[in-house]
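Take a look at the letters that make up each chain.
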Amino acid sequence: MTANPPTPTIASNEAKEPSTMDVSVGPQHPGSGHVRLLMRVDGDYIVSIDPDIGYVHRGCEKIAEYRNYVSNIPHLERPCIIDAIHLNWAYVLPVEELQGVIVPPRGQYISTIAAEMNRIMSHLYWLAINAGVFSGHTTIFMWAFGDRDLFIELAEWLTGARLTYSFLPPGGPRRDFPSGFEQKLAKLLDYFEKRLVEYDRMFLSNPLVVARAKGIGVLKKKDAIKLGVTGPVLRGSGVEYDVRKVEPYGAYADLEFQIPTFKEGDSYSRYLVRFEEMKQSISIIRQALNKMPKGPIARKAPLVAPEGEAIGRVESSRGEITVMVIGDNSDKPYRVKIMNGSFRNLIALPYLIRNVHVADMPIIYGSLDYWPVEADR
Amino acid sequence: MSQKSTSREETIIEKAKSRFPEYIKETKIDNNRRVTISFDKDHVQEIAKWMRDDIGFDHLKGIAGVDYPTHKKLEVLYLAGSFSKPEIQDIIVTLKAELPKDAPTISSVVSIWESAHFHEREAFEMFGINFEGHPDLRKLLTLDNWDGPPPMLKDIKFPEMGQR
């Protein structure tokens, strides 16, 4: 190991007051992956934090240069296994653009439904761990995790895997719906819609949750724009920006949905954004099931991509994932660059966890839905 | 839609060319609302400031380094987008600068786009690009005891992963 001890530099820019103390939070697993937050505290107040990330860095972008286009899918979706479809899709979009492959309409609809199911699953994971457990609310943890499993079972039926689907190779999804899938999914949505009302009563309207999350970790609209945060964090600060609307991919152009935004910018408004997004996802899946076109689901895609660069993007559960793929006329990409929501939202951690109580830190951290593995890649 | 978006992209390029006639080297429009502007690396701050203040690209989505060992150059790509201007929200502008491989140095844009903070740190670590003026340029993702060359350079090979 090097002789340099890790020093919190955001704090080291300021003179260290004698009354302050440095505390290392992590790098054990705080619920979503290994990360260390170096906190400088003054009594019960956090003066500054320095996020020390990279504990789960595995060089995805480097590995991608050694694998061919299809073999890249499984390892590029691993960084955020609870949101695998979106990571997979974000990588496949630019590859398809380079290869000039157009996915048939039915394939687009299946991908869209799978992606929205994944959004619900990911938000339920957030609700269970990052919102529930971090605020000490064990009931919502049990409820949300239980209901998430119902979606996982359906996803397993559709794709063959519970979390790591590798469902969207270039050209379209791997499988069509099994017979009876649509009815089961529609039934589950009816059940889940009723459950959301109960979640609201148990969690969102719970005075303890409101007292802990409201007014905590306020990110103003102009700061959110300046810091370039994305996803529910951005929309919780009142910026109406969603890639599904801004640059529709898949079947989103045919479907009607709202972009939930809240002006307050605090942890509670980020909670609300995710709750409303789950309701929107239910509506999107229902519309897509009704409009489902017939026909082939996928086209054959070449194994080689020509020279050139393409940029694709999707709206994942944690925000926009932008992937740039540079091809060089071979079966392996010359360069893959992944810009995902967690890495972009990382800058909000030192910005928001400042001049707050130590006890507010898990609430703010949880409200950002930061996923360390996705950020580290 | 395509007619409209093409004209918007061309407007950005025309504005850039008339504002910085001598710095802009090459421009390109890709089919999918993507604009690429290659420019002289010494003027990154001027162009970034103009992009933010006059055109409305208020945030960076990421900074990508690309290594071209046969040309002995590195490229640094800034992917900029806009939240505040709905009419250009769907456009991604890629600002591209070439750096010599032996001394890859470019001015930091953190003072213009604060969102560049961690992206520049990552590019510094992975490609060894020195961003002059960055407030806190240090390693981010690799191990504390990693003292090898920047791992994303093409001459760093990992034979156990296969042929490239």
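Remember, it's a predicted structure, so these values are computed and weren't measured experimentally.

About the cut-offs
Residues numbered from 1 in each chain as written. Chains lettered and ligands numbered in written order. Predicted model: local features only at pLDDT ≥ 70, side-chain atom pairs only at ≥ 80, totals over all residues. Helix = DSSP H or I, 4+ residues; strand = E, 2+ residues; numbered from the N terminus. Rg over C-alpha atoms; globule rule 2.2 N^0.38 Å. Buried ≥ 20, exposed ≤ 12 C-beta atoms within 10 Å, placed from the backbone. Pairing = 2+ DSSP bridges. Contact = placed C-beta atoms within 7 Å. Nonpolar A, V, L, I, M, F, W, Y, C, P; charged D, E, K, R; others polar. Axes fitted to C-alpha atoms, helices over the stretch in contact; angles between N-to-C directions. Left-handed = near helix turned anticlockwise from the far one by under 90°. Core = buried A, V, L, I, M, F, W, Y, C linked by C-beta atoms within 7 Å.

Chemist: Talk me through the overall build of chain A; I want residue IDs and the actual numbers.
Modeler: Helix and strand counts for chain A come out as 16 helices and seven strands. Against the 2.2 N^0.38 benchmark of 21 Å for 377 residues, chain A shows a C-alpha radius of gyration of 21 Å, consistent with a compact globule. Along the first, second and third principal axes, the C-alpha atoms of chain A reach 70 × 50 × 35 Å. Taken over 377 residues, chain A has a buried fraction of 55%.

Chemist: Please set out the pairing of strand 3 (residues 45-52) of chain A residue by residue, giving values where relevant.
Modeler: If a strand is regular, its side chains alternate between the two faces of the sheet. Residues and elements named next belong to chain A. Of all eight residues in strand 3, six are buried, a share of seventy percent or more. Of the pairings in the sheet, the one linking strand 2 (residues 36-42) to strand 3 comprises seven bridges and is antiparallel in character. Residue pairing across strands places Arg-36 opposite Asp-52, the latter belonging to strand 3. Bridging between strand 3 and strand 7 (residues 356-357) involves two bridges; their strand directions are antiparallel. Within strand 7, the residue paired with Tyr-45 across the bridge is His-357.

Chemist: Could you give an account of the interface of chain A and chain B, naming the residues involved and the relevant values?
Modeler: How big an interface is tends to be stated in terms of the accessible area lost upon association of its parts. At the interface, 34 residues of chain A touch 32 residues of chain B. Of all the elements in the fold, those that place two or more residues in the side of chain A that touches chain B are helix 2 (60-64), helix 9 (221-227), strand 5 (319-327) and strand 6 (335-339) of chain A. Tallied by class, the residues present in the side of chain A that touches chain B amount to 17 nonpolar, seven polar and 10 charged.

Chemist: Pulling in residues and values, what's your account of helix 3 (residues 117-127) of chain B?
Modeler: One turn of an α-helix holds 3.6 residues; hence residues three or four places apart share an orientation. Burial within helix 3 of chain B is extensive, with 11 of its 11 residues counted as buried. All buried positions along helix 3 of chain B are accounted for by B:His117, B:Phe118, B:His119, B:Glu120, B:Arg121, B:Glu122, B:Ala123, B:Phe124, B:Glu125, B:Met126 and B:Phe127. Buried residues along helix 3 of chain B sit against helix 13 (341-345) of chain A together with strand 3 (59-68), strand 4 (73-81) and strand 7 (130-132) of chain B. Two residues or fewer past helix 3 of chain B, B:Gly128 is found with a positive phi of approximately 70°.

Chemist: If you had to explain the sheet that holds strand 1 (residues 24-30) of chain B to someone new, which residues and values would you point to?
Modeler: By definition, the strands of a sheet pair up through backbone hydrogen bonds, in either a parallel or an antiparallel sense. All names here are of chain B. In space, the five strands of this open sheet follow the order 1-2-5-4-3, with mixed pairing throughout. The open sheet terminates on both sides in strands that have one partner only, identified here as strand 1 and strand 3. The sheet shows a mean angle of 20° between the axes of neighbouring strands, direction not considered. Pairing analysis gives nine bridges linking strand 3 to strand 4, with the strands arranged antiparallel. The residue bridging Ile-63 from the neighbouring strand is Tyr-78, located in strand 4. Along the sheet, helix 3 contacts strand 3 and strand 4; its crossing angle with strand 3, the most-contacted strand, is approximately 10°.

Chemist: Which residues make up the packing of helix 12 (residues 267-291) of chain A against helix 15 (residues 361-368) of chain A, and what values go with them?
Modeler: Residues and elements named next belong to chain A. Here helix 12 crosses helix 15 at 30°, and the two axes come no closer than 9 Å. Classified by chirality, the crossing of helix 15 by helix 12 is left-handed. Counted together, Ser-267, Arg-270 and Tyr-271 of helix 12 and Ile-363, Ile-364 and Ser-367 of helix 15 form the full contact between these two elements.

Chemist: Kindly report on the environment of B:Ala116, identifying the contributing residues and their values.
Modeler: For B:Ala116, the position within the fold is in the loop between strand 6 (105-107) and helix 3. C-beta crowding within 10 Å serves as the criterion here: with 25 such atoms nearby, B:Ala116 is assigned to the buried category.

Chemist: Give a description of the nonpolar core that names residues and reports values.
Modeler: Among the nonpolar cores identified, the biggest contains 153 residues, and A:Ala348 and B:Val93 are the most heavily contacted of them. It is helix 5 (residues 105-132) of chain A that contributes the most residues to this core, 14 residues altogether. Residues within four places of A:Ala348 in sequence aside, it is in contact with A:Leu219, A:Leu227, A:Val229, A:Val233 and A:Leu368.

Chemist: Describe the sheet that holds strand 6 of chain A, listing the residues and the values that go with them.
Modeler: Residues and elements named next belong to chain A. Strand order in the open sheet made by the three strands is 4-5-6, with antiparallel pairing throughout. Looking at which strands have only one partner, the edges of the open sheet turn out to be strand 4 (308-316) and strand 6. The sheet shows a mean angle of 15° between the axes of neighbouring strands, taken without regard to direction. As judged from the five bridges shared by strand 5 and strand 6, these two strands associate in the antiparallel manner. Residue Thr-322 lies in a different strand from strand 6, and its bridge partner there is Met-339.

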